[in-house]
Amino acid sequence: MADSSDLTLSHLQTLSSQDLLSLANSLNLDIPDDLDRNFIIGELLDAAAELEGDENEEIQILEGETQSFSLPESYNITMIDVVLRNPVWAFVYWDLKIADIEYAKENNALLSLRVSFFESEDTPPIESFDVGIKIFDKKQYILIPAGKSLMKIDLIMQSSIETLLIASTRYVSLPRGCEEITSVQPGRDTGIPEILKLSGMESMLKEHYVNHRQSFS
């Protein structure tokens, strides 16, 4: 386990991207391999704050003196990435550089997340839908429809002048669930196996349908 006194901004900036990922792994942080190094450093600084028992400030040691500072709200880059919380929910997070925010304001542009599903990276999307977001939003949970294989999310800016694709996530492989479960739809007699009924799956599916029925076709 890394010592929190080693997790300072000045020290982390001297490490290679691979060393940063190794350090994150030692702290049990789930970080994609292709995540921008600035965001990896941000995650490590957050971990250091938790080690010190303070979620808002990072403690930095400089020549024997203790200096505290708050993490920036933005790194002034336009990016988007996605992490699977579980097979049903995806957590999407993004950032916009100042120039893109100013352009959106000047042109009354609307922002959205375009969620697309694919059979493979070399084929067109088989299904897409848009989720509207506000200009100062930075994160969003997405409910993943059942039976999908591959997902990618685009950050779209649309004005009266043009529609711009300003950032995209990598392709994300989606775990396949048990067919007996994914084919079940509450209210439809699909013959749930008795063993699944004993597990409580039937009541859980009904609860999921009541709260998230838009995910059922």
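Computed from a predicted model, the values in this text were never measured in an experiment. (Residues numbered from 1 in each chain as written. Predicted model: local features only at pLDDT ≥ 70, side-chain atom pairs only at ≥ 80, totals over all residues. Heavy atoms only, no water.)

Chemist: Lay out the nonpolar core in plain terms, naming residues and giving numbers.
Modeler: One finds Ile80, Val92, Leu113, Met151, Ile153 and Leu155 to be the most contacted residues of the largest nonpolar core, which totals 24 residues. Of all the elements in the fold, those that place two or more residues in this core are β3 (79–84), β4 (89–95), α4 (98–106), β5 (110–118), β6 (127–133) and β8 (150–158). Once you skip the residues sitting within four places of it in the chain, methionine 151 turns out to touch Val82, Leu84, Ala90, Val115, Ser116, Phe117, Ile144, Arg170, Tyr171, Val172 and Leu174. Residues Leu21, Ala24, Ile40 and Ala47 belong to the second largest nonpolar core, which totals 19 residues. (Core = buried A, V, L, I, M, F, W, Y, C linked by side-chain atoms within 4.5 Å. Buried < 20%, exposed > 50% of the residue type's maximum accessible area, 1.4 Å probe, protein only. Helix = DSSP H or I, 4+ residues; strand = E, 2+ residues; numbered from the N terminus. Contact = heavy atoms within 4.5 Å.)

Chemist: Summarise the sheet that holds β4; cite the residues concerned and give the values.
Modeler: What the three strands build is an open sheet, ordered β3-β4-β7; its pairing is antiparallel. Pairing within the sheet leaves two strands with one partner each, and these edge strands are β3 and β7 (139–143). Sheet twist, expressed as the mean angle between neighbouring strand axes with direction ignored, is 25 degrees. (Pairing = 2+ DSSP bridges. Axes fitted to C-alpha atoms, helices over the stretch in contact; angles between N-to-C directions.)

Chemist: So what about α4? Which residues, and what values?
Modeler: The set of residues buried in α4 consists of Asp100, Ile101 and Ala104. Along α4, the residues classed as buried sweep out an arc of 100 degrees about the axis, all on the same side. Opposite the buried face of α4, by more than 90 degrees, sit the exposed residues Ile98, Lys105 and Glu106. Buried residues belonging to α4 abut β8. Remark: asparagine 108 follows α4 within two positions and exhibits a positive phi of approximately 50 degrees. (Arc of directions from axis to C-beta.)

Chemist: Would you mind going over the side chain of aspartate 81 in detail, with residue names and values included?
Modeler: Within the secondary structure layout, aspartate 81 lies in strand β3. On the basis of relative accessible area, aspartate 81 is assigned to the buried category, the value being 6%. At 2.2 Å, the side chain of aspartate 81 and the side chain of arginine 170 are in polar contact. (Polar contact = N/O pair within 3.5 Å; in protein donor to acceptor, adjacent residues only side chain to side chain.)

Chemist: Summarise the pattern of salt bridges; cite the residues concerned and give the values.
Modeler: Taken as a whole and judged by the stated rule, the model has five salt bridges. A salt bridge links aspartate 81 to arginine 170; its shortest N-O distance comes to 2.2 Å. Separated by 89 residues along the polypeptide, aspartate 81 in strand β3 and arginine 170 in the loop between β9 (163–168) and β10 (172–173) bring together distant segments of the chain. A relative accessible area of 26% means that arginine 170 is categorised as partly exposed. Salt-bridge contacts for glutamate 127 lead to lysine 148; the nearest nitrogen and oxygen are separated by 2.5 Å. With glutamate 127 in strand β6 and lysine 148 in the loop between β7 and β8, the pair connects residues that are 21 residues apart, well separated along the chain. Looking at glutamate 127, the relative accessible area reads 30%, which means it is partly exposed. (Salt bridge = Lys/Arg side-chain N within 4 Å of Asp/Glu carboxyl O.)

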